[in-house]
Amino acid sequence: MALDGCGLLCKYILIIINIIFAVLGFACLGLGLWLRLSPNTRGFFEIQELNSSAFVLAVIVLIAIGAVLLIVVSFGDYGACNEKRCPLQVFSVLLTILALAVIAVGVLAYSCRDQVVQTIVEFYSTMYGMYAASEDPVIGATLTFIHNTLDCCGMTGITLLEFAKNTCHSSFFTHTCPGVIGNVFENNAPAVLGVFLGTGGLLVVALICSIILSKLIGQSASLPQYITLTQHTSVPANTQPAQHELVTTSYSHPYQEPVIFTPLTAANIPAAQA
């Protein structure tokens with residue numbers, strides 16, 4: 001179907017947002033599955049005493065977030081690219097739930113930031129210990145990302161003394177990662193809350209575009225049929241006028257039967273009663 005400027009804008013905004021969340025979903029799901037199934041980390045899930053640890057909970061959260069994001073963007077991409085109203089409606093419902101959940105988690109993390117800091121520090125310490133023991137490449141890449149992002153290195157901040165020195169970008173002294181994680185949440189708590197609220201706002205934008213696009217598709221599907229009538233009249237000399245030949249051109253749905261009008265003649269006009 002043909003969309004106007006507003007419809008096309010909403011369509012492309014949805015596609016771009018879905019691509020962003022699809023990449024994030026694949027990253028979270030891939031990292032979570034690797035940490036869950038890797039031989040170096042499988043023991044945390046097999047030992048009953050460690051099933052409630054921060055590492056196990058974080059891995060479960062990563063897998064859940066990745067799976068949910070991929071399910072949501074599947075409906076969004078299919079509905080936007082193929083201009084299908086039903087997937088867009090399902091996408092809108094899922095987006096509403098996801099946006100409310102993101103905002104609620106952001107507010108909860110801001111209110112309980114001390115517990116959040118403790119959980120993240122425990123998760124980092126567990127990953128650091130596993131890398132020091134096994135040198136798993138995926139865990140090493142994750143630690144490198146954390147060290148480069150937070151400008152820290154390991155548990156002491158002294159690169160030469162760290163077991164995972166190859167994941168640190170500095171060659172000498174830097175900050176300890178547990179201390180930096182705590183400072184990030186203590187000093188930048190409003191910014192962390194803003195990240196959650198910004199993500200929720202992006203989801204709301206996608207929701208508005210999905211509703212507008214779904215409405216435009218519904219209006220296009222319910223448009224009435226347009227029928228153009230053309231009349232050809234032939235009147236020879238000294239003869240009665242020939243019947244009017246009516247040609248119909250129907251712009252209807254391709255699966256509907258065509259509309260045919262019977263020509264009006266003098267023979268089928270009822271005589272007026274006295």
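Procedures and definitions
In every chain, residue numbers begin from 1 and rise along the written sequence. Restriction of local features to residues with pLDDT of at least 70 applies here, the model being predicted, together with a cutoff of 80 or more for giving and counting side-chain atom pairs; totals for whole chains, interfaces and linings are based on all residues. Side-chain numbers here rest on the full set of heavy atoms in the structure, without hydrogens or water. The way it works is that DSSP assigns letters per residue, a run of H or I at least four long becomes a helix, a run of E at least two long becomes a strand, and they are numbered from the N terminus. When a residue's accessible area, from a 1.4 Å probe over protein chains only, is under 20% of the maximum for its type it is buried; when over 50% it is exposed; and in between it is partly exposed. Contacts are residue-level and defined by heavy atoms, with any inter-residue pair within 4.5 Å sufficient. Salt bridges are defined by distance alone: a side-chain nitrogen of Lys or Arg within 4 Å of a carboxyl oxygen of Asp or Glu. Polar contact is the term for a pair of N or O atoms within 3.5 Å; when the atoms are in protein, one must be able to donate a hydrogen and the other to accept it, and sequence-neighboring residues count only if both atoms are side-chain atoms. Throughout, an axis means a line fitted to C-alpha atoms (over the contacting stretch in the case of helices), and angles, computed between N-to-C directions, take values from 0 to 180 degrees. Any angle between 65 and 115 degrees counts as roughly perpendicular, while under 35 counts as roughly parallel, over 145 as roughly antiparallel, and the rest as oblique. Crossing handedness is defined as follows: a turn of the near helix away from the far one that is anticlockwise and smaller than a right angle gives a left-handed crossing, while the clockwise case is right-handed. Residues are grouped as follows: nonpolar covers Ala, Val, Leu, Ile, Met, Phe, Trp, Tyr, Cys and Pro; charged covers Asp, Glu, Lys and Arg; every other residue, Gly included, is treated as polar. Classification of ring pairs rests on two measures: the distance between centres of Phe, Tyr or Trp rings, Trp counted by its six-membered ring, which must be within 6.5 Å, and the angle between planes, read as stacked under 30 degrees, edge-to-face over 60 and tilted in between. Working rule: Lys NZ or Arg CZ, within 6 Å of ring centre, within 35 degrees of ring normal, means a charge sits over the ring. The set of buried Ala, Val, Leu, Ile, Met, Phe, Trp, Tyr and Cys residues whose side-chain atoms join them within 4.5 Å is what this entry labels a nonpolar core.

S.K.: Got a minute to help me understand the overall build of the chain in this structure?
M.R.: Of regular secondary structure, the chain possesses eight helices and two strands. Each helix (α) and strand (β) of the chain, taken in turn from the N terminus, gives the series α-α-α-α-α-α-α-α-β-β. The burial tally for the chain puts 32% of its 274 residues in the buried class. Look at the contacts in the chain between residues 6 or more apart in sequence, and 61% of them connect residues 24 or more apart.

S.K.: So what exactly am I meant to see when it comes to the pattern of salt bridges here?
M.R.: Note that side chains of opposite charge can pair when their charged atoms are close. The tally for this structure, following the rule as stated, stands at one salt bridge. Two residues, E83 and K11, come together in a salt bridge whose shortest N-O distance is 3.2 Å. In this pair, E83 sits in the loop between helix 3 (54–82) and helix 4 (85–111) while K11 sits in helix 1 (residues 5–37), placing the two residues 72 residues apart along the sequence. Given a relative accessible area of 15%, E83 falls into the buried group. Residue K11 is classed as buried on the basis of its relative accessible area, which comes to 12%.

S.K.: What is the right way to look at the side chain of N18 in this model?
M.R.: Looking at the element boundaries, N18 is found in helix 1. A polar side-chain atom of N18 sits 3.5 Å from a polar atom in the side chain of D77. Discounting chain neighbours no more than four positions away, the residues touching N18 are V73, G76, D77 and F91.

S.K.: Help me understand the packing of helix 1 against helix 3, please; the structure alone is not making it clear to me.
M.R.: Packed helices, taken two at a time, are described by their axes: the angle between them and the distance between them. Contact geometry for helix 1 and helix 3: axes closest at 7 Å, N-to-C directions at 150°. The angle between helix 1 and helix 3 falls in the class roughly antiparallel. Note that helix 1 runs across helix 3; the crossing there is left-handed. Class assignment of the residues belonging to the contact of helix 1 with helix 3 gives a composition of 22 nonpolar, five polar and three charged.

S.K.: Explain the packing of aromatic side chains to me, please; I cannot follow it from the model alone.
M.R.: Two aromatic rings are characterised by how far apart their centres lie and by the angle between their planes. For the structure on display, the rule yields one aromatic pair. Sitting above the plane of the Y110 ring, R113 keeps its charged end 4.8 Å from the centroid.

S.K.: Looking at this model, I keep getting lost on the environment of R36. Mind explaining?
M.R.: Among the secondary structure elements, R36 is positioned in helix 1. Since its relative accessible area comes to 31%, R36 is described here as partly exposed. Between the C-alpha atom of R36 and that of I60, which follows or precedes it by 24 residues, the distance is 8.2 Å. For R36, the residues in contact, after removing those within four places along its chain, are T41, R42, F45, V59 and I63.

S.K.: Any chance you could explain the packing of helix 5 (residues 113–134) against helix 7 (residues 177–187) here in plain terms?
M.R.: It is the contact of helix 5 with helix 7, at a shortest axis distance of 10 Å, that shows an interaxial angle of 155°. By the criterion of interaxial angle, the relationship of helix 5 to helix 7 is roughly antiparallel. Once helix 5 is placed against helix 7, the crossing between them reads as right-handed. Across from R113, D114, V116, V117, I120, V121 and Y124 in helix 5, the residues of helix 7 making contact are C177, P178, I181, G182, F185 and E186.

S.K.: What exactly am I supposed to notice about the nonpolar core here?
M.R.: Looking at soluble globular proteins, one finds that nonpolar side chains tend to be buried together. Counting residues in each nonpolar core, the largest one holds 24 residues, and the members touching the most others are L14, F21, L95, L203 and L213. For this core, the secondary structure elements donating two or more residues are helix 1, helix 3, helix 4 and helix 8 (189–221). Tallying contributions element by element places helix 1 first for this core, with seven residues. What L203 contacts, discounting residues up to four positions off in sequence, is F21, L95, L98, A99 and V102. Among the nonpolar cores identified, the runner-up in size contains 23 residues, and F45, Y131, I146 and V192 belong to it.

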